[in-house]
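The chain contents come next:
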Amino acid sequence: MSVNDNLLHIKSTLPEHVTLVAVSKTKPVSDIMEAYNAGQRIFGENKIQDMADKYEAMPKDIQWHMIGHVQRNKVKYMAPFVALIHGVDNFKLLEEISKQALKHDRVINCLLQIKIASEDSKFGLAPQDAIDIIQSEAFLALKNVNITGVMGMATFTDDETQIESEFKLLKSTFDDLKTINPNNSAFTTISMGMSGDYKLAIQCGSTMVRVGSSIFGLRNY
């Protein structure tokens, strides 16, 4: 099937309230343009330099989402244009994003990445650490970032029961953060679920799924 057909098929399986991020990492502009021409406007990249290059080369009505691990020294390269940063896993990174956003007179939307997987290789905050950040004076002083939700990656396993419990942990963390931060009306996003598990993620409360290989085919690393 073509990128166009794959994309339309995935979209047909998504409820209205769920946003699709087409994960275009490692894919050439020609493939991404095929998805763009089929109506997709939100794309996810995991390397800032690749995302910046694609931003320069592609239509400007695209929303670029940074879905990979973020190094603080590279925030400046995406600060002028990034629409949403999924992987914010420490306070110093939030400070840097706010600082770089200020230079461009922007407020950058961010998701707090929560560690829900059992694997050590996955990044993320403990749920309590996320709560501590949201309630801190230092966070309230940051004027150029807006926390719009949470993101998490489940363990890479075939055990659906484990994946489901990890997704439910992310949903309950979101609910706790929403309760202590009721005035942030933009706090609406639960980014969880990828090509293999997005349907389960939606059942567990996901409002944003990150789908790559099911749209663009397997990646060539």
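Residues numbered from 1 in each chain as written. Predicted model: local features only at pLDDT ≥ 70, side-chain atom pairs only at ≥ 80, totals over all residues. Heavy atoms only, no water.

Quick word on the overall build of the chain
Okay, step 1: In terms of regular secondary structure, the chain is built from 10 helices and 8 strands.
Okay, step 2: The C-alpha atoms of the chain give a radius of gyration of 17 Å, which matches the 17 Å a tight globule of 221 residues would have.
Okay, step 3: The 221 residues of the chain split such that 51% are buried.
Okay, step 4: Contacts in the chain between residues at least 24 apart in sequence constitute 59% of all its contacts with a sequence separation of at least 6.
Okay, step 5: About 10,500 Å² of surface is accessible on the chain, with carbon and sulfur atoms providing 49% of the total. (Helix = DSSP H or I, 4+ residues; strand = E, 2+ residues; numbered from the N terminus. Rg over C-alpha atoms; globule rule 2.2 N^0.38 Å. Buried < 20%, exposed > 50% of the residue type's maximum accessible area, 1.4 Å probe, protein only. Contact = heavy atoms within 4.5 Å. Areas by Shrake-Rupley, 256 points an atom, 1.4 Å probe, with all protein chains shown as cover.)

Thoughts on unusual backbone geometry
Okay, step 1: Even without being a glycine, Thr26 presents a positive backbone phi close to 70°.
Okay, step 2: A positive phi angle, near 55°, is found at Asp105, a position not held by glycine.
Okay, step 3: With respect to the secondary-structure elements, Asp105 resides in the loop between helix H5 (91-103) and strand E5 (108-113).
Okay, step 4: Asp105 gets classed as exposed once you look at its relative accessible area, which sits at 71%.

Here we look at the packing of aromatic side chains
Okay, step 1: In this structure the tally under the stated criterion is 3 aromatic pairs.
Okay, step 2: Between the aromatic rings of Phe43 and Trp64, the centroid separation amounts to 5.9 Å while the plane-to-plane angle is 40°, which identifies the pairing as tilted. Of this pair, Phe43 sits in strand E2 (residues 42-45) while Trp64 is found in strand E3 (residues 63-66), placing the two residues 21 residues apart along the sequence.
Okay, step 3: Overall, the relative accessible area of 0% leaves Phe43 in the buried class. (Phe/Tyr/Trp six-rings, centres within 6.5 Å; stacked < 30°, edge-to-face > 60°.)

Quick look at the pattern of salt bridges
Okay, step 1: In total, this model carries 5 salt bridges according to the counting rule given.
Okay, step 2: In this structure, Glu45 and Lys54 form a salt bridge, with 2.8 Å as the shortest nitrogen-oxygen distance.
Okay, step 3: Classification of Glu45 as buried rests on a relative accessible area of 0%.
Okay, step 4: A relative accessible area of 8% places Lys54 in the buried class. (Salt bridge = Lys/Arg side-chain N within 4 Å of Asp/Glu carboxyl O.)

Things to note about the side chain of Asn144
Okay, step 1: For Asn144, the location among the structural elements is in the loop between helix H7 (137-140) and strand E6 (145-151).
Okay, step 2: Residues within four places of Asn144 in sequence aside, it is in contact with Ser98, Ala101, Leu102, Arg106, Val107 and Ile108.

With respect to the nonpolar core
Okay, step 1: Counting 65 residues, the largest nonpolar core has Ile85 and Leu94 as the members making the most contacts within it.
Okay, step 2: The residues touching Ile85, leaving out its near neighbours within four places in the chain, are Met66, Val70, Met78, Ile97, Ile108, Asn109, Cys110 and Leu111.
Okay, step 3: The next biggest cluster of nonpolar side chains, apart from the first, holds 6 residues, and it includes Val21, Leu84, Met151 and Met208. (Core = buried A, V, L, I, M, F, W, Y, C linked by side-chain atoms within 4.5 Å.)

Side note on the packing of helix H1 (residues 3-12) against helix H2 (residues 29-37)
When two helices pack together, their arrangement is captured by the angle between the axes and the distance separating the axes.
Okay, step 1: In contact at an axis separation of 9 Å, H1 and H2 are set at 50° when each is read in the N-to-C sense. Regarding the angle of H1 to H2, the classification is oblique. The two elements H1 and H2 cross, and the hand of that crossing is right-handed. Of the residues in H2, those touching H1 at Val3, Asn4 and Leu7 are Asp31, Glu34 and Ala35.
Okay, step 2: In the contact of H1 with H2, the residues fall into 3 nonpolar, 1 polar and 2 charged. (Axes fitted to C-alpha atoms, helices over the stretch in contact; angles between N-to-C directions. Parallel < 35°, antiparallel > 145°, perpendicular 65-115°, else oblique. Left-handed = near helix turned anticlockwise from the far one by under 90°. Nonpolar A, V, L, I, M, F, W, Y, C, P; charged D, E, K, R; others polar.)

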